[in-house]
Amino acid sequence: MKNFFVSLLILLAGWGTASQAQAVFPDFSKLNFGCDGNSITAGEQWSKTVVDLLGFATHHNVAVGSATWACHPDTQDYGSQGFAGISGGWQPTEDKAELQMRHNNVAKVHIQKFIAEVENGTYPVPDVFVFSMGTNDRNLGSAAEALKGKTLDEVDVTTMAGGARWAIQTILEKYPKCRVFVCTPIQTGSVEHNEQNMKKIAILRELCQALSVQLIDCYGESGICEKFEEPSSRGRYLRDGLHPDVEGQVLMGRYIAKEIRNNFF
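Residues numbered from 1 in each chain as written. Predicted model: local features only at pLDDT ≥ 70, side-chain atom pairs only at ≥ 80, totals over all residues. Heavy atoms only, no water.

> Got a minute to help me understand the packing of helix α2 (residues 46-54) against helix α9 (residues 246-263) in this structure?
Each pair of packed helices gets described by two things: the angle between the helix axes and the distance between those axes. As a packed pair, α2 and α9 sit with axes 7 Å apart at the nearest point and diverge in direction by 50°. As far as their axial angle goes, α9 and α2 are oblique. Seen from above, α2 lies across α9 with right-handed handedness. When α2 is examined against α9, the residues Trp 46, Thr 49, Val 50, Leu 53 and Leu 54 are found in contact with a partner set consisting of Gln 249, Val 250, Met 252, Gly 253, Arg 254, Ile 256, Ala 257, Ile 260 and Arg 261. Residues belonging to the contact of α2 with α9 are distributed by class as follows: 9 nonpolar, 3 polar and 2 charged. (Axes fitted to C-alpha atoms, helices over the stretch in contact; angles between N-to-C directions. Helix = DSSP H or I, 4+ residues; strand = E, 2+ residues; numbered from the N terminus. Parallel < 35°, antiparallel > 145°, perpendicular 65-115°, else oblique. Left-handed = near helix turned anticlockwise from the far one by under 90°. Contact = heavy atoms within 4.5 Å. Nonpolar A, V, L, I, M, F, W, Y, C, P; charged D, E, K, R; others polar.)

Structural data, given as structure tokens:
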């Protein structure tokens, strides 16, 4: 009888290990990838590395340089009457049309655009969605305030905390089968900037816990470190103290891909 139970335990242990292996490594070639962010995410940077490494079927990226989680008081809804468009411009200007487009360069508008492009058939429904924003936010707000109330209509989206809750929860509600991840800002070459990033990370961590989504610690685990970077010129992985060069983009992408693979289920 003792030998029977030993054999049974070995069999169950082996079955559990096999099941876990299957859960950790899904077939990403059958899954669709979406992401949003700012200039560190726009185009084919870390997200291309993620898509290539894991083999996602599609890559739907709505990131725009200079973007923020927080809306502006005059931010327009995507596709609304008179919608001016979205601009990633950052140089000083007094052009009213350009300023309006810059004020539309926020997570809420990006996500409205993402949803519209899925609904019109340009892209499929996402299976994985990654947010990587926060570097440009100034009005942080608080996670506790942003989490008050159950409906998104009650959220003040003019703060980073409110804009982040709106964007993350909207993806969760619109695509309930989608696995959502939120990346923290990376370390920069500036001590002062990193001190601000730590405040932003604390807000994102609280929001992710409340919304039950995975936080990816790019600040502490991506391999990009303030000690090897310069405040405003090229360092080890940042070309200007803020934006990753090609090697930095690949480094970020490899880390984020690992976190998605290991925490997909």
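> Looking at this model, I keep getting lost on unusual backbone geometry. Mind explaining?
When glycine is set aside, most residues are seen to have a negative phi, and most peptide bonds are trans. Unusually for a residue other than glycine, Ser 66 sits at a positive phi of about 75°. With respect to the secondary-structure elements, Ser 66 resides in the loop between β2 (58-61) and α3 (96-103). Look at Ser 212: it is not a glycine, yet its phi comes out positive at around 60°. When you line up the elements, Ser 212 lands in the loop between α7 (191-211) and β5 (214-216). Here Ser 212 falls in the exposed class, since its relative accessible area comes to 65%. (Buried < 20%, exposed > 50% of the residue type's maximum accessible area, 1.4 Å probe, protein only.)

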